[in-house]
Each structure stands twice: as C-alpha cells, then as structure tokens.
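# Examining the three-dimensional arrangement
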Amino acid sequence: MSNIVVLVKASLNPEVVRQSPDGTFDIDYTPLKISDIDRNALEEAVRLKQMFGGKVYSITVLTWGPLKAREKDLRLVVQEALAKVADEAFVVADESIMPGDYSVTANVIASVIKKMGLNPILVLAGEASIDESTYQIPGRVAAKLGLPYVGHVRRIREVRDGKVVVERDLEDYTEVLEVPLPAVLSVTQELNEPRPPTLIQIRMASRKPVHMLTLKDLGLDVKMQRSIVEMRVVTVSRKQVLIEEADVEKAALKLVEYLEKEGVLRL
C-alpha cells in the first residue's frame, strides 16, 4: 500500500482583501480559500492513487484566526480536498498557533504524520502558498521527518523500485532527479491542470472522516517564534493627467516633459 499525504493550506484569499479604515490589512475578516498550488498537489495524488492504490490523507493546519470566524472557510477547504481525492482529513485548529509560524506549522504537520501512523510513501504540497509565498513548509516538514526533499517539481515521471523520478524546474533549465522513497515533494502549477470535483464526489466527501486535532491531542507544547505587528494594504494613487494634443509626436514630447518634471525620467 502506497499511502500519500497532501498538505492543504487554508490561505488568505488575495482576491478579497479587507482593509480597515486606517489602511491596515484586516486579517481577521479576510476570507480563506484553498491555496491554488495545493490543487495541483491534490490532482497529482489522484493520478498516483489510481496507479498504486493506498490511501490519501490531507493535512491542514489553520494558521489564520480567530477560529470561530474561520470555521466555514476551513470546512470548505477540507471538503474540497476530500471531494477531490483524500480518504481522510486531519485538521489542526488551535488558537495558540495563530497566526502561523513556519517552524511551528512544519512541526505540527510532522507530528500528525508520526502520531497518526500515516506512513506515507510521498508527501505532496504546493511549492508555496498564495498568501505568504515563503516556500518553507515542505522543506521544513521533510527535515522534521528526516526525509529527502525536492522542490519546484514540474513532473513526476515514474515511481518504481523504491524511487521516484522527477523533473525539477530551475528557471533556466530542467533537472531530472531520482529520489529514494519515502520523500517530500513540492510541486509547481506546471505539473497538471486541476479539475474541479464532480457533484457525486462532493456528496461523497461529507461521508469521509475529518479528524479535528489540537496541540494537546498531539502532545505538543510549542512556542511561537513570530508575531504580526502590522500588515498594510498597498494603495496606488494616480496623477490623472490628460494630455490634449492631436499630433502624436507633440503629445509624446509633452509626456516626456511631464515625466521628467516628476522625476520618472532623467534626460
């Protein structure tokens, strides 16, 4: 049996940013959504499960509070993972680890895998989340589990003889690696084209087990290493200058003169 774990994050939705009157980013009331690249990891888990069998587990650590305000969004994220491919979901929701600290989050994920005896042959994750884009969590989880890690995976070629062969995107070229199993892989959006779950899959998801956990359940006593003092929404103000000139060359000259006065151009 080749069990697979997929890391799924409930991320701040960058498309629905809530701003407070003073210009700060209202984290508590910005909705959450499944991190987009995690969908690629789930889609790949569908393919691998069809090939090798086993069970697929999703793990979600809630890193944005408050918990009561996030229950609906969190449920939708977990249900999507279950509808797509996961047989069971493990969710760690504990006020003491919000907002998320990367080291703590990775420690919690590794603890779930160990304590619940998941024994995955592969741990899949999106290469980065859509809210903070730190690229840290998969690598930290691998370090906690003592497993090999490959990031920026754009294709999983094959899994055989206790090894996985992957293509890794390094911008200027593609690297092909053979990695011993079990292993942790973070994937890019080039890996596949995620498909939405069908209506039948969505209905069946409600019958699958969801295990809600706290740090106490995992026997953890962690200390947060960071706190968010302030986050601000970037605002852009425009000059709204209209150049009224029928001749294109004269209009261009006026534009250059204006940009020079503003310090945008130096001639």
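Above this text is the structure in question.
First, a word on scope: everything that follows refers to the structure included in this document. Since we're looking at a predicted model, the values are computed, not measured. Within each chain, residues carry numbers counting from 1 in the order of the written sequence. Totals for whole chains, interfaces and linings use every residue, but because this is a predicted model, local features are given only for residues with pLDDT of at least 70 and side-chain atom pairs only at 80 or more, for both listing and counting. Just so you know, side-chain values use all the structure's heavy atoms and leave hydrogens and water out.

## Concerning unusual backbone geometry
- A cis amide bond, omega -5°, links glycine 65 with the succeeding residue proline 66.
- Checked against the element boundaries, proline 66 lands in the loop between β4 (56-61) and α2 (67-84).
- Here the residue pair methionine 98 and proline 99 is connected by a cis peptide bond, since its omega of -5° sits within 30 degrees of zero.
- Residues other than glycine seldom take positive phi values, yet asparagine 119 does so here, at roughly 45°.
- Relative to the helices and strands, asparagine 119 resides in the loop between α3 (102-115) and β6 (122-126).
- A residue is classified by how much of its surface remains accessible, and asparagine 119, at 63% relative accessible area, is exposed.
- At glutamate 171, a residue that is not glycine, the phi angle is positive and equals roughly 65°.
- Each helix corresponds to a stretch of at least 4 residues labelled H or I by DSSP, and each strand to a stretch of at least 2 residues labelled E; elements are numbered beginning at the N terminus. Within the fold, glutamate 171 resides in the loop between β8 (163-169) and β9 (174-180).
- When its relative accessible area of 76% is taken as the criterion, glutamate 171 is described as exposed. Burial here depends on accessible area, computed with a 1.4 Å probe over protein chains only, as a share of the maximum for the residue type. Under 20% is buried, over 50% is exposed, and the range in between is partly exposed.

## Structural notes on a nonpolar patch on the surface
- The residues that make up patches have over 30% relative accessible area and no salt bridge, and they are joined within 9 Å when like-charged or within 5 Å when they are Val, Leu, Ile, Met, Phe, Trp or Tyr. Methods summary: accessible areas were calculated by the Shrake-Rupley approach with a probe of 1.4 Å, and residue burial reflects only the protein chains presented. Any Lys or Arg side-chain nitrogen found within 4 Å of a carboxyl oxygen on Asp or Glu counts as a salt bridge. Together, Val241, Ile243 and Leu255 line one region of the surface with nonpolar side chains, adding up to about 220 Å² of accessible area.
- By relative accessible area, which is 41% here, leucine 255 ends up partly exposed.

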